[in-house]
Every structure is written in C-alpha cells, then in structure tokens.
Amino acid sequence: MDNLRKEWLLNALLAAALFMVPFWAWIASEPFIITLATRIAILAIAGVGLNIALGLGGMVSFGHALYLGIGGYVAGIAAHHAFHGTPILGLPGTNQMLPIWAIAMLFSGAIAAIVGALSLRTSGIFFIMITLAFAQMGFFFTLSWPAYGGEDGLPIFMRNQFPGLNTARPWELFLVAYGVLILTLGVFATLRAARFGAALMAIRQNPDRAAAIGISPFGIKLVAFILSGMITGLAGAMMADLTRFVSPAMMAWTMSGELIVIIILGGVGRLFGPVAGAAILVGFEVFFGGLTEHWKLWLGLVLLAVVLFARGGLIGLIAGRAQNG
Amino acid sequence: MTAVLELEALEVYYGASQALFGVNLEVREGQAVALMGRNGMGKTTTIATTCRMLPLRGGAVRFGGRDISALPAFRAARLGLGLVPEGRRCFPNLSVTENLIAAARPGPWDLARVRAFFPRLQERADQLAATLSGGEQQMLAIGRALMTNPRLLLLDEATEGLAPVIRQEIWSAIASLKSEGLSLLMVDKTLSEILPLADHCVILERGQTAWQGKAKDLTEEITDMYLGV
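Conventions we followed
- Residues numbered from 1 in each chain as written.
- Chains lettered and ligands numbered in written order.
- Predicted model: local features only at pLDDT ≥ 70, side-chain atom pairs only at ≥ 80, totals over all residues.
- Pairing = 2+ DSSP bridges.
- Helix = DSSP H or I, 4+ residues; strand = E, 2+ residues; numbered from the N terminus.
- Contact = placed C-beta atoms within 7 Å.
- Axes fitted to C-alpha atoms, helices over the stretch in contact; angles between N-to-C directions.
- Buried ≥ 20, exposed ≤ 12 C-beta atoms within 10 Å, placed from the backbone.
- Expected span 1.5 Å × (residues − 1).
- Core = buried A, V, L, I, M, F, W, Y, C linked by C-beta atoms within 7 Å.

**Student:** So what's going on with the sheet that holds strand β4 (residues 58-63) of chain B? Which residues, and what values?
**Tutor:** Residue and element names in this part refer to chain B. Ordered by their spatial adjacency, four strands build an open sheet running β2-β1-β4-β5, and the pairing between neighbours is antiparallel. Two strands in the sheet have a free side with no partner beyond their single neighbour: β2 (17-28) and β5 (66-67). Note that strand β1 (residues 3-14) and β4 share five bridges and pair antiparallel. Looking at β4, one finds that Glu-8 is bridged to Ala-60. Lying over the sheet, helix α1 (residues 43-50) contacts β1, β2 and β4, oriented at roughly 115° with respect to β1.

Below is the structure:
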C-alpha cells in the first residue's frame, strides 16, 4: 500500500475513532469521555488553524494562543452581556454560537492581519519572537482588564446555544465540535489542493524561486496567516463554551507552545496531524496526569523522540513520508 | 515588430563587485534571441536582472514598453516574464501537478495544455519533483514557466547536463513554442543547438555586450574570439 493510501486509511480511522468513542460514552452514560473527545476536537480545530501557517507555510508562530484567547473572549463577553442584559457598544450581547463564531473569526482575522503584516516582514527567530510578543501583549491586556474579570477570568454562566441542539448536553456539544472539525479539515484539504496551497508550500520551500513564477510571498503568507488566525479564533470561542470560562491563560505562551506541540506530535502539514496530536496531548494529560503530576516530563520525552526519530509525527510514523513535507 | 524586452545599459553588482557593465539587449515580438558568452561573462546575471531577482544600480529593464526596473520579481513575472532557471530549480517536495498549479495564471496555457505539450508530466502527475529525471525536471521547469502564460520565455541553460536524446526533445519543444509566436531569450553553450533557433544573437564578454547581430552573421572568427575555450 502506498503512503498516500495509508494516510487516507489512517485519517478515516482517526475520524471514526473520534466519533465512535464518545458515541459509545453517550450510550454508556460517560459524559467525562464525551467532554474529553470534545476537547480533542476543539484543540484539533485550533491545530488545523496553526497547521495552515506552520504546516503549509512554514511560519512558526509562537503566538497563536492570542487568537484562541480572542475567540474565547468574544464568546465570553457576548455571553456575559447577554446574561446580564447589558449592551456592548450600544449592541446587545448574544448567547448564539453562530454569530459569536462569526465575530470571533472576524476579530481574530483582523488582529492576525495586523500581526501578520508586521511580523511577516521578518523570518526565523525574529518572526517567532514578534508573534510571541503580540500574544504576550494580549495576555497582559486581558490580565489588566477588570471589566471582564482581569486575572480571575470571566465565567460563562449559561453555555451559548446552537440552533436545533441542546449544547448543555455533552453529546450534542460534541456533535457541534466534531462537525466544525470536519468542516475545518475540509477547508484545509481544499486549500492544500488548490493553487493557494501549492503556492504557499512553494514559498515555504524557496520564496525567491516562488517570486520568479509570479507568486507574491508576502501576500500569500499574509492571507494564510489571517485564515490560520481565524480558524484558531473559532476554536477559542468553542473552547470557552466547553469550559464555560475564559481567562488570560488562554493567551499564555504555554498555550501557544501546546498548539505547536499538537502539530509536531501529529505531523506537521498533515491533514489529520492536529487530530492525532490533540488526541495524544489530551490522552497524556488524562491518563498519565492521573498517575503522576510530572506527566509533562513524559510528554516532553515523547516530543523529543518524535522530533529526533519521527519528524512526520504519528501520521508520518504510520503512513510514511509526507507527499509534500 | 515591437520590442517585448529592452535592456538598456544594465549595471549590476554582487556586493562591491560589478558583474554587468552596461549590457544592452532587445527581444522583439515573436523573436528568439540567443544570449551567449563564456562562463562567468554575465549571462545568468542578465537573466536574473531581467526577472527582477537582482537589483539594478544603473540602466533600465523595459518590458512591453513599461519600465519594470523597480518592480519586485513576482510583479515582473505576472506581466509575462516566464523564467526557466539554470539547474531547473523545481520545488523538490511538491508533486509535478503542485509545481504546475502553483505558477498558474489566466491564459491559454493551463494544466491540460501543458500536460498535452509534455505528456511525460501527465504520467508523473503525482510524483515529487525531486524524484524526476533531469529531463523530466527540465520539462517541468518549462511547463511551470508556461503556466504563468508568459509573453517572453527566458531559458537559462535549458538543456545543460541532459542526455543527447533528451536535449533534442527539449529543443524541439522550444522550437514548437517559437513557431507558436512566443518570444524567447535563450542562454546555451551548445551553438549547434541554439543557433538554428535563434533569429538574433547577443554575445557578452566580461559583463558587456561585445557583439550582436543575426545568427547567420556570426562568423567563425567571432565565435573563436568570444565563445572559444
């Protein structure tokens, strides 16, 4: 079996497992497992977002937690105002997920446009540091924002709603997260197969050579960075709804690091890399976290092993080298 | 015939070292121009400068009557400068199809036409460029340049290092492009292959235009003086 077929089979298995495990948990009345699966799906959505910038475009953003936090705060603030019946800038709050997601993506995209326009003029360590600096600015801004909880964060008393579903029920919230994950994976696959994806990967391999065939390295990378921020912002809004809480910790540099770890563990640039990576991360946290408080040490060793011996992550280890890695 | 490309007194430096000392060159609509010279005389530098990959310190690059001296490379390419670089330089970790669609711009040359022009690229569609033979990579480099729908195709050593049978295949493809009216600026060391296609020749010597004229006027004396080893 060639690598491409192996990867598709593995992707199908991962998609099926991520659906069947919580489905079983729903039948067996195990809401904790369903919530874990929802967390995996939402982290995977954030990972898909980062995978566009990092996996396809080679942009090592160490500040993607900023967009996760922006999405989270949009959801939290909208829900806060809807709950208290107070307006935001003259507009009413909302507890509906769809408009919240749209606003979260809009805000994340706008901030990503500003961050990208400035940071994409640099590369390498400077790019990493600028993206980190912007995320830290967001972190400290929310930390000193008393109107929305400051350091203590902002609780979401009533989970936001999705048309036709009761999001208070773990299984139905999982269905929402799973549906969005499949949709974002579809967006990623479409982008990768289109001229945009080919141009982005060409820029990653050699920006000068790409420019010689009419590709604008800055323009394409900026669009990719904005799309990446928007998808991560969407994940942030969903994460806030899952935990019913949003705090500056969502924008912490450790969160940005976790997103990169997810991509590396699963497979950089691989379609289902973020799904595999998020499953490994959450799995480690739950299963090894129950055994020892030093579970991150073991995760670090696994990460080290992946970087040294399996650079394609879990997907690469099983399905072989990437088509365009 | 109107001029597609005009290079006027190009002066180019690599750091403090001057590489071009006032190169002049013109390619007219539908014309095939051979840019010749010994190694290190400035042929590739002239091509790279034309494509706006190297900055100018003096002179001007005019394409389609427009001064493009200050344009970035991607804008020049979008105007219709199609580069087939020395050493092929395909994107090694992209498939053949990805290499082609990355360059796609609207026009008569699309994926289907390029694949029909080079059927080998159809057969290798999903293969990584790095795994292609030298000849196939050269076809891919030309196909990729055609996908940009160029007005002028710049071929820098298009057959270098290829087996004779493959060279022949590449040259007949280039001849076919010329017969379709595409303007060509070609760099190659093998006179017996480049001259039959060339309408006009330009010889560079130490970064300057040493001689130019019709291919039939290129005497043995001139070739010995400027191109002999």
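**Student:** Give me the interface of chain A and chain B: which residues, what numbers.
**Tutor:** Each side of the interface is counted separately: chain A has 18 residues, and chain B has 22 residues. Of all the elements in the fold, those that place two or more residues in the side of chain A that touches chain B are α7 (195-205) and α8 (207-212) of chain A. Broken down by element, the residue count for the side of chain A that touches chain B peaks at six residues, all from α7 of chain A.

**Student:** Just give me the short version of unusual backbone geometry, but keep the residues and values in it.
**Tutor:** All names here are of chain B. The backbone phi angle of Ala-9 is positive, close to 45°, even though this residue is not glycine. Position of Ala-9 among the secondary structure elements: in strand β1. Since 15 C-beta atoms lie within 10 Å of it, Ala-9 is described here as partly exposed. Although it is not a glycine, Asn-149 sits at a positive phi angle of roughly 50°. Inspection of the secondary structure assignment puts Asn-149 in the loop between α6 (134-147) and β7 (152-156). Accessibility expressed as a C-beta count within 10 Å gives 18 for Asn-149, which makes it partly exposed.

**Student:** Got a sec to walk through helix α5 (residues 124-143) of chain A? Specific residues and values, please.
**Tutor:** Three or four residues apart is the spacing at which side chains of an α-helix point the same way, because the helix has 3.6 residues per turn. All names here are of chain A. With 20 residues, α5 should reach 28 Å at 1.5 Å per residue; the first-to-last C-alpha distance of 29 Å fits that figure. Within α5 the residues assigned to the buried category are Ile-130, Thr-131, Phe-134, Ala-135, Gly-138, Phe-139 and Thr-142. Structurally, α5 contributes buried residues whose contacts are with α3 (65-84), α4 (97-119) and α10 (253-266).

**Student:** An account of the nonpolar core is needed here, citing residue identities and associated values.
**Tutor:** Core analysis: the biggest nonpolar cluster contains 179 residues, and Ala-41 and Ile-45 of chain A together with Met-186 of chain B have the highest contact counts within it. If one sorts the elements of this core by residue count, helix α2 (residues 31-56) of chain A sits on top with 16 residues. If near-sequence neighbours (up to four positions away) are discounted, Met-186 of chain B is found in contact with Ala-32, Ala-34, Leu-35, Leu-155, Ala-158, Ile-194 and Ala-198 of chain B.

**Student:** Got a sec to walk through the pairing of β2 of chain B? Specific residues and values, please.
**Tutor:** Remember that side chains alternate between the two faces of the sheet whenever the strand is regular. Residues and elements named next belong to chain B. In terms of strand pairing, β1 meets β2 through nine bridges, oriented antiparallel. From the neighbouring strand, Leu-5 faces β2, where its bridge partner is Val-27. Where β1 folds back onto β2 in an antiparallel hairpin, the turn is made up of two residues, including Gly-15, whose phi is positive at roughly 65°.

**Student:** Would you mind going over the sheet that holds strand β10 (residues 208-214) of chain B in detail, with residue names and values included?
**Tutor:** Strand pairing in a sheet relies on backbone hydrogen bonds. The paired strands run either parallel or antiparallel. Residues and elements named next belong to chain B. Here we have six strands laid out as an open sheet, ordered β6-β7-β8-β3-β9-β10, and mixed in their pairing. The open sheet has two edge strands, β6 (81-84) and β10, and neither has a second partner. With strand direction ignored, the average angle separating the axes of adjacent strands in the sheet is 15°. Here β6 pairs with β7 via four bridges, running parallel. Residue pairing across strands places Leu-83 opposite Leu-154, the latter belonging to β7. Seen against the sheet, α1 touches β3 (32-36), β6, β7, β8 (183-187) and β9 (200-205) and runs at an angle of roughly 150° to β7. The strands touched by α6 within the sheet are β6 and β7, with β6 carrying the most contacts at an inclination of about 170°.

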